[in-house]
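# Overview (structure and organization)
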Amino acid sequence: MVHLVASGEVSGKLEQMLQRAAQLETQALERRLAVFLTLLEPVMILVMGGVVLMIVLAILLPIIEINQPGALSRRLPAAPRGVADACGFRPARA
């Protein structure tokens, strides 16, 4: 850019050289922005996929835990566990 300004001053066409410099800077910025947006799209897809995965796991993990044999009685405190034992509820051993 400095060379464009110096060349413009020497040749007497400073205004044209400054316009050219502005045009080149604008094109460079547009290229950088295009590259950034091109890289941002896949990253956003991965982030959204991670959010969806967390929501699905938050919904499914409690359901899977409930379906595990004996999961209910293993997590019960002592008093309800005694009631479960008195009723004959025996958790399956894995």
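Just so it is clear, the structure is predicted and the values come from calculations on it, not from any experiment.

## What to know about the overall build of the protein chain
Along its length, the protein chain carries four helices and zero strands. Secondary structure elements of the protein chain, listed N to C terminal, follow the sequence α-α-α-α. The buried share among the 94 residues of the protein chain stands at 9%.

## Overview of helix H2 (residues 14-67)
Taking 1.5 Å per residue as the helical rise, H2 with its 54 residues ought to reach 80 Å, and the 79 Å between its terminal C-alpha atoms agrees with that figure. At Leu 60, H2 is bent by approximately 25°, the largest bend along its length, and proline Pro 62 sits one to four residues beyond.

## Comments concerning the confidence of the model for the protein chain
Mean pLDDT for the protein chain: 81, with 74% of residues reaching 70 or above. Helix H3 (residues 71-75) is the least confidently modelled element of the protein chain, averaging 56 in pLDDT, while H2 averages 91, the highest of any element.

Quick notes on the rules
- Residues numbered from 1 in each chain as written.
- Predicted model: local features only at pLDDT ≥ 70, side-chain atom pairs only at ≥ 80, totals over all residues.
- Heavy atoms only, no water.
- Helix = DSSP H or I, 4+ residues; strand = E, 2+ residues; numbered from the N terminus.
- Buried < 20%, exposed > 50% of the residue type's maximum accessible area, 1.4 Å probe, protein only.
- Expected span 1.5 Å × (residues − 1).
- Bend = angle between axes of the 7 residues up to and from the residue.
- pLDDT = per-residue confidence, 0-100.

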